[in-house]
Protein chains: 2
Amino acid sequence: MGRPTIADIAREAGVSKGAVSFALNGRPGVSEATRERILRVAEAMQWRPHSAARALGGARAGAVGLVLARPARTLGVEPFFGQLLSGLQAVLSANQVALQLLVVESTEAEIEVHRRWASEHRVDGFVLVDLQVRDPRIAVLEELGVPSVVLGGPGRHGRLPSVWADDREAMLSIVDYLAALGHRRIAHLAGLPAFQHTQRRIRALRDSARRHGLEAVSVPTDFSDAEGAAATRALLARPERPTAIVYDSDVMAVAGLGVAAEMGVSVPGGLSVVSFDDSVLTRIVHPALTALSRDTFALGEQVARSLLALIDDPSAAEDLRTPTPRLTVRESTGRPLGTVG
Amino acid sequence: MGRPTIADIAREAGVSKGAVSFALNGRPGVSEATRERILRVAEAMQWRPHSAARALGGARAGAVGLVLARPARTLGVEPFFGQLLSGLQAVLSANQVALQLLVVESTEAEIEVHRRWASEHRVDGFVLVDLQVRDPRIAVLEELGVPSVVLGGPGRHGRLPSVWADDREAMLSIVDYLAALGHRRIAHLAGLPAFQHTQRRIRALRDSARRHGLEAVSVPTDFSDAEGAAATRALLARPERPTAIVYDSDVMAVAGLGVAAEMGVSVPGGLSVVSFDDSVLTRIVHPALTALSRDTFALGEQVARSLLALIDDPSAAEDLRTPTPRLTVRESTGRPLGTVG
DNA sequence: ACCTCGCGCTAGACCGGTTTAGCAAAGAAC
DNA sequence: GTTCTTTGCTAAACCGGTCTAGCGCGAGGT
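The shown structure was predicted, so the numbers you read here are calculated from the model rather than taken from an experiment. (Residues numbered from 1 in each chain as written. Chains lettered and ligands numbered in written order. Predicted model: local features only at pLDDT ≥ 70, side-chain atom pairs only at ≥ 80, totals over all residues. Heavy atoms only, no water.)

**Student:** Just checking my understanding: could you explain the pairing of strand β6 (residues 185-190) of chain B for this structure?
**Tutor:** Each regular strand carries side chains that alternate between the two faces of the sheet. Residues and elements named next belong to chain B. In terms of burial, β6 is largely enclosed, as five of its six residues are buried. Both β6 and strand β7 (residues 215-220) contribute to a ladder of six bridges, which runs parallel. Residue A190 lies in a different strand from β7, and its bridge partner there is P220. Assessed by its sense of winding, the connection that carries the chain from β6 through helix α9 (residues 196-212) to β7 is right-handed. Here β6 pairs with strand β8 (residues 244-247) via four bridges, running parallel. Bridging across to β8, A187 finds its partner in I245. (Buried < 20%, exposed > 50% of the residue type's maximum accessible area, 1.4 Å probe, protein only. Helix = DSSP H or I, 4+ residues; strand = E, 2+ residues; numbered from the N terminus. Pairing = 2+ DSSP bridges. Right-handed = clockwise from strand over helix to strand, strands pointing away.)

Have a look at this one:
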């Protein structure tokens, strides 16, 4: 005999299938004595639910989906996703919910997967990341009616609830700090312009620079180390080069650090470097990078909690703001040369 | 009406459920004309299979499992896993197979998840990584009878097929290269001693050093940047310090580079640095690191292909050797100071 | 004594597919 | 012309759960 089914347990315990189902799911319909007897039998026979059979009865699939639209080979460069995944898992697995992960090449493919998984009843909900400026995924997920949580905000995300951190405030704190050190020309190596958070950071920098009365420029990139390095090279080659550069990702920041070394620009003497993302990367390089620290693991946990709550009660959609990232000052920032303390 | 079922299609096309099933799965039992009519109707109604219903009939679950036993917060530090995941996905998703991912804290928990997923019929097979010296997971998976592929070898892995690269050969090529440059004292910052590949690399270094008649020492670590840095500091503080260090991971290598800078040891003049793993990390630091390059993405693809083949035909278990990693020389290695070319 | 209620349980429909047994009609073999 | 095969299809069982309708029974109310 293969795996025991509830029918086997029912026979063994001398009750009906229905009674077994009630007992195993802790719902009324059987007496306490019978319930215990059934549980003992189930335990003895090492019974486990068959997830497909459960999902078939219109119930939960017991899994949530995360689809990443990125070029296939670039995943794993960003420590961010590893951290996020770990956080998601910590909460999901505690609730016996599995995570279905898929990496695809484009947003169109991602939407197609959303449709497929939803209609195949493979998942109970989705996590949406990399929110774009006019994100086509929002409407599709709303139409599909699958509970979904957006990571990012507070921009437009339709009726889907989001979990977000205030990166505008974060950018302001960076500029305040650099201005206080005496920097007057700040560059910003931004990420993909299509992302909402890229736009928010660019705007925040512009506003803040105006208030402080200093020069600031944002250069969009594709988040890759190659573009980060190339853009840094271009900036440092200008006659009036910036005394500080803010990088939107730690990979670009490290690449920038390499370029500075290559061009003989000392850090932080000749150039201050700030990373908008913190990870082990920022600590293992030399000099260690000043960076915005946020608890990505905790962020993942929060997203998972929000999604599970939404699945339990689809009417309870609610945005949730997480703590604003704090600036961790390390060795890569200082007063620009020529400034007297 | 909700999602269309094959019953709806059958009614619409004027045939029975069975005929629809035959037609949609491309198997004999219906005429070509009927098949096309059914396919057109299914297309028009936007029918999608209900994965749970399929899995229930004793058929495939349409998913494979990957369980990682690591401290929750450390995932994402190693670019290796991102690459591996991408490779796995590329093949799996082309075959409409999903990947169930879970990160757990210990090997015991990992085994428990294997048991649960297998008995819940959630997955059709498993990918096993981080092969240990006497790995308790092997026996469990063999007992469960779930198709599984081991990443790593050629050590003991029972009757489970494995996909592996020859890291013994790889280590030999590193030592040959360093010896040719004139190095006579080589250190090796190894990974966790419990891993099979750690042991193989340590043995390979010892054997090779003996043949070349040079001094070599392996220091075990936990793969973390912290231990990598600490061990490097200890090595460089010795009176007779090594002129070259081989790091088992790129994260440790970068951390070691930082320590060298901090202690005023020039690279590659005072110290040559080699990383056993290649990723964007080794290229963005300065100096760029000489490293063993293997195509981790392709490795993931191969593992996925092997697993799918094994699921299709469980008797076809076969080990598969992938190309030996090749040494990519960059700027972090050179002749030791005091050596005349 | 009768009706009502709630409890504890059973029987069986149901979810959406796959698969098998079987049937009618047409074609082939003798 | 009868028998055997093959083709194309249908009906229904089946997978392993969930869930609803309903039944027998003892307790409580009148």
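**Student:** Please explain unusual backbone geometry as it appears in this structure.
**Tutor:** Across residues other than glycine, the phi torsion is negative in most instances, and most of the peptide bonds are trans. Residues and elements named next belong to chain A. Of note, the bond from V267 into P268 is cis; its omega dihedral lies within 30 degrees of zero at 10 degrees. With respect to the helices, strands and loops of the structure, P268 is situated in the loop between α11 (250-262) and β9 (272-275). One non-glycine residue, F223, lies in positive phi territory at about 75 degrees. Tracing the chain through its elements places F223 in the loop between β7 (215-220) and α10 (225-237).

**Student:** Mind showing me how you'd approach the domain arrangement of chain A here?
**Tutor:** Accessible area lost upon the coming together of the parts serves often as the stated size of an interface. Its domain assignment divides chain A into domain 1 (6-48), domain 2 (63-165 + 297-324) and domain 3 (167-293). Here domain 1 of chain A and domain 3 of chain A have C-alpha centroids that lie 62 Å from each other. (Domains from an automatic or database assignment.)

**Student:** Can you walk me through the interface of chain A and chain B in this structure?
**Tutor:** With 54 residues of chain A at the contact, the number on the chain B side is 54 residues. Both faces combined, the contact of chain A with chain B buries some 4,800 Å², and carbon together with sulfur accounts for 54% of it. Counting every contact that joins chain A to chain B gives two salt bridges. A salt bridge links R48 of chain A to E112 of chain B; the nearest nitrogen and oxygen atoms lie 3.8 Å apart. Our count for the chain A to chain B interface comes out at 12 residue pairs in polar contact (both at pLDDT 80 or more). Listed by contribution, the elements that provide at least two residues to the side of chain A that touches chain B are α4 (51-56), α5 (79-94), β2 (98-104), α6 (107-119), α11 and α12 (280-284) of chain A. Sort the elements by how many residues they give to the side of chain A that touches chain B and α5 of chain A lands first, with seven residues. Across the side of chain A that touches chain B, the residue classes tally to 28 nonpolar, 15 polar and 11 charged. (Contact = heavy atoms within 4.5 Å. Buried area = accessible area lost by both parts, 1.4 Å probe. Salt bridge = Lys/Arg side-chain N within 4 Å of Asp/Glu carboxyl O. Polar contact = N/O pair within 3.5 Å; in protein donor to acceptor, adjacent residues only side chain to side chain. Nonpolar A, V, L, I, M, F, W, Y, C, P; charged D, E, K, R; others polar.)

**Student:** Sorry if this is basic, but what is going on with the protein's contact with DNA strand D here?
**Tutor:** Close to DNA strand D lie 24 residues; I6 and S21 of chain A together with S16, S31 and T34 of chain B are nearest. Take N25 of chain A: an N or O atom from its side chain is 3.2 Å from a phosphate oxygen of DNA strand D. Between R54 of chain A and DNA strand D, the recorded distance is 2.9 Å, taken from a side-chain N or O atom to a phosphate oxygen. Breaking the surface near DNA strand D down by element, the ones donating at least two residues are α2 (17-24) and α4 of chain A. No other element matches the four residues that α2 of chain A contributes to the surface near DNA strand D. (Near = heavy atom within 4 Å.)

**Student:** It is not clear to me how helix α13 (residues 296-312) of chain A should be interpreted in this structure. Could you clarify?
**Tutor:** What sets the pattern is the α-helix's 3.6 residues per turn: residues three or four places apart point alike. All names here are of chain A. The first and last C-alpha atoms of α13 sit 24 Å apart over 17 residues, in line with the 24 Å expected at 1.5 Å per residue. Across the 17 residues that make up α13, a large majority, 12, are buried. Of all the positions in α13, only T296, F297, L299, G300, Q302, V303, A304, S306, L307, L308, L310 and I311 are classed as buried. (Expected span 1.5 Å × (residues − 1).)

**Student:** What am I meant to see in the relation of the copies chain A and chain B here?
**Tutor:** For the pair of chain copies, the relating operation is a rotation around an axis with a shift along it. Rotating chain A by 180 degrees about the axis while translating it 0.0 Å along that axis superimposes it on chain B, leaving an RMSD of 0.2 Å. Interpreted geometrically, this transformation is the action of a two-fold axis. The fraction of interface residues of chain A whose copies in chain B are also interface residues reaches 100%, indicating that both copies meet through the same surface. (Least-squares fit on C-alpha atoms with pLDDT ≥ 70 in both.)

**Student:** What am I meant to see in the packing of α5 of chain A against α13 of chain A here?
**Tutor:** The packing of two helices is summarised by the inter-axis angle and the distance between the axes. Residues and elements named next belong to chain A. At a minimum axis separation of 7 Å, α5 and α13 run at an interaxial angle of 45 degrees. It follows that α5 is oblique to α13 by the angle criterion. Relative to α13, the crossing made by α5 is right-handed. Of α13, the residues touching α5 (which contributes F80, Q83, L84, S86, G87, L88, A90, V91 and L92) are T296, F297, L299, G300, E301, V303, A304, R305 and L308. A class-by-class count of the residues in the contact of α5 with α13 yields 11 nonpolar, five polar and two charged. (Axes fitted to C-alpha atoms, helices over the stretch in contact; angles between N-to-C directions. Parallel < 35°, antiparallel > 145°, perpendicular 65-115°, else oblique. Left-handed = near helix turned anticlockwise from the far one by under 90°.)

**Student:** Before we go on, may I ask you to explain the sheet that holds strand β10 (residues 290-293) of chain A in this structure?
**Tutor:** Sheet strands line up and pair through hydrogen bonds in the backbone, either parallel or antiparallel. All names here are of chain A. Strand order across the open sheet formed by six strands is β7-β6-β8-β9-β10-β12, with mixed pairing between neighbours. Strand pairing shows two members of the sheet lacking a second neighbour, β7 and β12 (326-328), which therefore form its edges. Taking each pair of neighbouring strands and ignoring which way they run, the sheet shows an average axis angle of 20 degrees. Sitting on the sheet, α11 is in contact with β6 (185-190), β8 (244-247) and β9, with an inclination near 160 degrees to β9.

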